[in-house]
Amino acid sequence: MSATARTGSVVRLLPRSGGSAVEPVTYTVREVAKLLGISLGSTYTLVRDGTIPATRLGGRWLIPRTRFHAWLDGVTEQPTATGTDRGRGR
């Protein structure tokens, strides 16, 4: 690194000795987009219209982890129309 490298505090997610990893309480819109495998623009649309539970804090959208996972569990547990999932073309 150069002599002008940043000298800010370092946030450690893993403690140096013992304990467990600290998980964030919220996700960013970018993180949710990656988790869902959809575009950032589509994720912002779903956040703005209330489909994905989120809270606006200042100029940022924050998605609470527990609410997001509860929402996602509710979305993914709905049965298919036929009750079976055999894939395409069969």
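The preceding data block contains the structure.
Q: Please provide a residue-by-residue account of the side chain of Thr43, values included.
A: Turning to its location among the elements, Thr43 is positioned in helix α2 (residues 40–48). For Thr43, a relative accessible area of 0% translates into the label buried. Dropping the residues within four chain positions of it, Thr43 is found in contact with Val29, Val32, Ala33, Ile38 and Ile52.

Q: Quick one: what's the story with the packing of aromatic side chains, residue by residue and with numbers?
A: This structure, assessed with the given rule, holds 2 aromatic pairs. A ring pair is formed by Tyr27 and Phe68, whose centres lie 5.7 Å apart and whose planes are at 85°; its orientation type is edge-to-face. With a gap of 41 residues between them, Tyr27 in strand β1 (residues 26–27) and Phe68 in helix α3 (residues 65–76) connect regions that are remote in the sequence. Across this residue pair, the class does not change: Tyr27 and Phe68 are buried. Consider the rings of Phe68 and Trp71, whose centres lie 5.8 Å apart with planes at 35°: the pair is tilted. Taken together, the residues Phe68 and Trp71, both in helix α3 and 3 residues apart, mark about one turn of the helix. Following the ring pairs from residue to residue traces out a cluster consisting of Tyr27, Phe68 and Trp71.

Parameters at a glance
Residues numbered from 1 in each chain as written. Predicted model: local features only at pLDDT ≥ 70, side-chain atom pairs only at ≥ 80, totals over all residues. Heavy atoms only, no water. Helix = DSSP H or I, 4+ residues; strand = E, 2+ residues; numbered from the N terminus. Buried < 20%, exposed > 50% of the residue type's maximum accessible area, 1.4 Å probe, protein only. Contact = heavy atoms within 4.5 Å. Phe/Tyr/Trp six-rings, centres within 6.5 Å; stacked < 30°, edge-to-face > 60°.

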